[in-house]
Structures are given as structure tokens and as C-alpha cells.
Amino acid sequence: MRGITFLIAAWFCIGLDAGLSDAIQLGSYDVAPSFTIVLITFVCLWASHRSALLAALLTGIAIDLLTDVHTNSGSITVVLGPHALGLTLAAQMILTLRALIFRKANVITLALLTALAAMLLTLTVTATMSIRATLDPVIIFHRPLASLVPGLLSALYTGLLAIVLGFVLNTFRPLFAFRSPGTTFSTGGSATRRR
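The paragraphs below set out a description of the structure included in this document. Being a predicted model, the structure only gives us computed values, none of them experimental. (Residues numbered from 1 in each chain as written. Predicted model: local features only at pLDDT ≥ 70, side-chain atom pairs only at ≥ 80, totals over all residues. Heavy atoms only, no water.)

**So, the pattern of salt bridges**
Stage number 1. The full count for this structure, using the stated rule, is one salt bridge.
Stage number 2. Residues D136 and R132 are paired through a salt bridge, measuring 3.4 Å at the closest nitrogen-oxygen approach.
Stage number 3. A relative accessible area of 22% places D136 in the partly exposed class.
Stage number 4. Its relative accessible area of 34% is what places R132 among the partly exposed residues. (Salt bridge = Lys/Arg side-chain N within 4 Å of Asp/Glu carboxyl O. Buried < 20%, exposed > 50% of the residue type's maximum accessible area, 1.4 Å probe, protein only.)

Right, here's the structure in full:
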């Protein structure tokens, strides 16, 4: 995978998440899709195992660094780890599942895996922050359920976004220069093995 292409795409998607989440959220609920998770799912479908995990880890670290966490003293801090761990686990899940699916079938595949990845990310972040708040009372995270429900609904919303964004990402796929080993499928439906 071409690293510079991914970094530009990740920077763009993280910016869209930060700038558009309020505009495209559902009503007054904290339910909004994530462009970044769609990108990571797309990368995990096509990149090599190592590149996909590295991309997920670095993107998770970037999100952690940009996520504000409130403390009892009224200040804001950064907790490094929840998104990095969550995206890495989601990437590993996709890498495991991609051997069982037709990656070129359609954007529905991308949408379903994106929703699953977003759900796993939500569960991981919620569990990690709950444990961290228990061990470190300075961190404010008293109502995990209040974060979990909107997060799971956002995962479904992100899956819907993947249907639209999938067409765009497929258009730019040559720019990523993926060289993933494994099975691909021709337009005629016969499977071939990449060397």
C-alpha cells in the first residue's frame, strides 16, 4: 500500500469526522457516522495484513490524540489507547473475515464490515474508558451505557455511509497501490490466486 495516499486519505477523513459530525448527526442525539472507519475497513479489505494493522493503529492513535477527555478538576486531557486498540481489533476482525467473502462483490460487503468494525470499536472504547475511569478517578466516564447506545447506532449509520463512500473509494483504489495476497475474483466469477 502506498503510505502517502493513505495518510492523505486518513487526514481528510479525520477532518470530515471532526468538521461534519454536528451537521450530519441524527437530530439532537449524538449519533453520527465516521468517515474514518469506512476508510479503515476499505484498507483492511485490500491491503496486506501488516499494512492494514499499521494503518489502523496509527489512525487510532491520531483519533485518541484528538479526543478530549474531561477530568474531575474541570480540565481536559488525552487518553492514549482506546481508539488505537479498538481500531486495531476491528482491523484484525476484518482481516480474518475477508478470506471468507467476495471482496469485489459490491459495496454491501464494505457496508456490513464497516458496521461490524464500528460496533467493535464502540465496545472497545467504552470498555477501555470504563476500566480507565475505575482505575483513575480523575477521568470522568460515569455512564458507559450513555456512550454505548449512541455508539452502536452510529455504527449502523456508518454502515449506510459506507454504501455511498464505497463507490468513491473504489474509484481511487489504484492510487493506494494495494498488493494484497489472497483470492480475488474475476468478472466472470472464477477465482484466481495472486502470487
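**With respect to the packing of aromatic side chains**
Stage number 1. This model, assessed by the stated rule, comprises three aromatic pairs.
Stage number 2. For the pair F42 and F178, a centre-to-centre distance of 5.8 Å together with 65° between the ring planes defines the contact as edge-to-face. Here the residue F42 occupies a position in helix α2 (residues 35-46), and F178 occupies one in the loop between α7 (173-176) and β3 (182-185), the gap between them amounting to 136 residues. Neither residue differs from the other here; F42 and F178 are each classed as buried.
Stage number 3. Residue placement shows R173 over the ring face of W46; its charged tip is 4.2 Å from the ring centre. (Phe/Tyr/Trp six-rings, centres within 6.5 Å; stacked < 30°, edge-to-face > 60°. Helix = DSSP H or I, 4+ residues; strand = E, 2+ residues; numbered from the N terminus. Lys NZ or Arg CZ within 6 Å of the ring centre and 35° of its normal.)

**Overview of the environment of T77**
Stage number 1. Considering the arrangement of structural elements, one finds T77 in strand β2 (residues 76-77).
Stage number 2. When the C-alpha positions of T77 and L66 are compared, they lie 10.0 Å apart, and in sequence the two are 11 residues distant.
Stage number 3. Other than its neighbours up to four places away in sequence, T77 contacts T67, D68, V69, T71 and I139. (Contact = heavy atoms within 4.5 Å.)

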